[in-house]
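Notes for the structure review
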Amino acid sequence: MTQQFSRRNFLATSTRTGLAAMLVGAAPTVLVASDASVDGKPALLGGTAMNKTSYSRWPILHGEEEKFLLEVLKSGQWFRGSGQNRVGQFENEYATMCGAKACIATSSGTSALVASLAALDIGPGDEVITSPYTFIATINSIIAHYALPVPIDVDLDSFQLDGKLADAACNDNTRCLMPVHIGGAPANMDDFLAVGKKRGIRVIEDACQAHIGQWRGKKLGAVGDAGCFSFQVSKNLSSGEGGAVLTNDEELAEKVYRCHNNCRGRKTDSFDFTYGVGRAVNQRMTEFQGAVLCAQIKHIEKYQETRNENGLYLNKLLAEIPGVLPAKIYDGGVSAWHLYMFRIDAEKFGINRDLFLKALSAERISCSSGYGAVDWIGFVRNAYDTPAGKRIYPKPVIDQWAERVGQFPQFKKLCSQAVWFTQNMMLGPRENMDIIADAIRRIQKNAAEIAKLDS
Ligand SMILES: *Cc1c(COP(=O)(O)O)cnc(C)c1O
């Protein structure tokens, strides 16, 4: 069975090793080499696994999380309110770190996306161009406004949506481009910014996986008109749940703030009871989340450096193995390495991706197949199969949309070839990358033998 780093087996593991172990702030030890040789028999065929443990520690506590949380708890100021607060402190620090003029913290990454689209007045009949290869929240944030997602196909080599297809997918209803920096690696922002400029439409980055990744020297999320982040526990910067919007447009920042705060504006000295914008709800971050983030943010740059060194090193090692294709990072881009992503070309490697995952799991290297090939057309049709949905999009309208967005052959191929490692696996010492590469090399060398298991 494929060993995935799911929330469930993480909890099972952490309970077994004792929760106290999680409180130790030591560097994460992810993999431990066994005495197995790369020339030996693969674990799936009865050999010794290359890795002795697959325990992956995340999130990492450094001590201050507990202190800051208790301060909030005892102060009674559990909501950001006015005056000094942890959420406001975090907003300032994150905006500065990313070189953005403004940051608005939210309750989740999904709410950051929803608030941004609300601030752009996106509504029924509007179209938003985005990626089919993404977490479902991207699509849901568009549907939440009764707008139409228009997924375009991906660039197989990079895993990112193909910016070259964006212009042709636009029509008079297109109101927003929403590139997703999948895995934390940048989408080709040059392409999206050019189409945005040419057509006078806004670009919102779904940077929920891309904390402090870069595009041509700018931090991701601060490149387009706005960028949205998630601080859900799996993400590279985390408070369990949480999110943020970055923008350099002060007018948009004010609107996003109102949209996430029941129409009320930002005031530091008192409460604002002027109701400036419609269609807003409460999507505020709590002080508890702010407290954890103020502690966690101090460590993200150091972790990013480690992930980047390990990621680039592993790219080099894996590129030498026949049939292994590390996700390409565009020139001018630095990945945040939320995921380490590569593809298995079955013909060149010798076995298909699914059998590969079994063999790699047997070597005790945690891995997963990533996103499945979701039928987005069916998903959107279903979402609008309601009285309100049918009023906005009667059958001929939704049929026309379905025909226009068409098929995504590269996306489907990607879903059948992709392999993911989680970001915490990139935090160990460099030798961990050698263990991973050795395990994959051993599987590839013995691919013909392993393939017999499938017949
Ligand atoms: C995590 C994620 C989101 C949503 O974030 P939540 O904080 O879970 O709401 C949106 N888009 C992408 C690409 C994500 O990975």
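Residues numbered from 1 in each chain as written. Predicted model: local features only at pLDDT ≥ 70, side-chain atom pairs only at ≥ 80, totals over all residues. Heavy atoms only, no water.

Details of the pattern of salt bridges
This structure, assessed with the given rule, holds 26 salt bridges. Between Glu64 and Lys298 there is a salt bridge; the shortest N-O distance is 2.7 Å. Of the two residues, Glu64 sits in helix H2 (residues 64–75) while Lys298 sits in the loop between helix H8 (287–296) and helix H9 (300–319), which places them 234 residues apart along the sequence. Judged by relative accessible area, Glu64 falls into the partly exposed class, the value being 28%. The shortest N-O distance in the salt bridge between Asp345 and Lys348 comes to 3.5 Å. (Salt bridge = Lys/Arg side-chain N within 4 Å of Asp/Glu carboxyl O. Helix = DSSP H or I, 4+ residues; strand = E, 2+ residues; numbered from the N terminus. Buried < 20%, exposed > 50% of the residue type's maximum accessible area, 1.4 Å probe, protein only.)

Remarks on the domain arrangement of the protein chain
Segmentation of the protein chain into domains returns domain 1 (7–61 + 300–371 + 413–454) and domain 2 (73–298). Here the C-alpha centre of domain 2 lies 30 Å away from the C-alpha centre of domain 1. The partner domain 2 presents 36 residues to the 34 residues of domain 1 that form the contact. When the area that domain 1 buries against domain 2 is broken down by residue, the three leading residues are Ile300, Tyr330 and Tyr371, summing to 27%. (Domains from an automatic or database assignment. Contact = heavy atoms within 4.5 Å. Buried area = accessible area lost by both parts, 1.4 Å probe.)

Remarks on H9
Between the first and last C-alpha of H9 there are 28 Å, a value that for 20 residues agrees with the 28 Å anticipated at 1.5 Å per step. Of all the positions in H9, only Ile300, Tyr303, Gln304, Arg307, Asn310, Gly311, Tyr313, Leu314, Asn315, Leu317 and Leu318 are classed as buried. (Expected span 1.5 Å × (residues − 1).)

Examining the site of the ligand
Looking at the ligand, there are 16 residues lining it, with Gly109, Thr110, Gln209, Ser230 and Lys235 nearest. Thr110 is positioned such that a nitrogen or oxygen atom in its side chain is 2.5 Å from an oxygen atom of the ligand. Gln209 is positioned such that a nitrogen or oxygen atom in its side chain is 2.8 Å from an oxygen atom of the ligand. In isolation the ligand exposes 380 Å². Once the protein is present, 92% of that is buried. Of all the secondary structure elements, the ones that give two or more residues to the shell around the ligand are helix H4 (109–119) and helix H5 (136–143). Considering every element that reaches the shell around the ligand, the biggest residue donor is H4, with three residues. In terms of residue class, the shell around the ligand is made up of five nonpolar, nine polar and two charged. (Near = heavy atom within 4 Å. Polar contact = N/O pair within 3.5 Å; in protein donor to acceptor, adjacent residues only side chain to side chain. Areas by Shrake-Rupley, 256 points an atom, 1.4 Å probe, with all protein chains shown as cover. Nonpolar A, V, L, I, M, F, W, Y, C, P; charged D, E, K, R; others polar.)

Quick notes on the packing of H4 against helix H7 (residues 250–259)
One can describe the packing of H4 onto H7 by two numbers: an axis separation of 8 Å at closest approach and a directional angle of 120°. Relative to H7, the element H4 lies oblique. Note that H4 runs across H7; the crossing there is right-handed. Side by side, H4 and H7 meet where Ala115, Ser116, Ala118 and Ala119 of the first sit next to Leu252, Lys255, Val256 and Cys259 of the second. Residue composition of the contact of H4 with H7, by class: six nonpolar, one polar and one charged. (Axes fitted to C-alpha atoms, helices over the stretch in contact; angles between N-to-C directions. Parallel < 35°, antiparallel > 145°, perpendicular 65-115°, else oblique. Left-handed = near helix turned anticlockwise from the far one by under 90°.)

A closer look at the sheet that holds strand S10 (residues 324–326)
Ordered by their spatial adjacency, three strands build an open sheet running S10-S12-S13, and the pairing between neighbours is antiparallel. Every interior strand has two partners, whereas the edge strands, S10 and strand S13 (418–422), have only one. Averaged over all pairs of adjacent strands, the angle between their axes in this sheet comes to 30°, without regard to strand direction. Here strand S12 (residues 339–344) pairs with S13 via five bridges, running antiparallel. In the sheet register, Met341 faces S13, and the bridge partner there is Trp420. In the packing of helix H11 (residues 353–362) onto the sheet, contacts are made with S12 and S13, and the angle to S13 comes to roughly 30°. Set on the sheet, helix H15 (residues 409–417) makes contact with S12 and S13; between it and S13 the angle comes to about 60°. (Pairing = 2+ DSSP bridges.)

Regarding the packing of H2 against H8
Taken N-terminus to C-terminus, the directions of H2 and H8 make an angle of 150°; their axes are 8 Å apart at the nearest point. By the angle between their directions, the pair H2 and H8 is classed as roughly antiparallel. Classified by chirality, the crossing of H8 by H2 is right-handed. Of H8, the residues touching H2 (which contributes Glu64, Glu65, Phe68, Leu69, Val72 and Leu73) are Glu287, Phe288, Ala291, Val292, Cys294, Ala295 and Gln296. Of the residues contributing to the contact of H2 with H8, the split by class is nine nonpolar, one polar and three charged.

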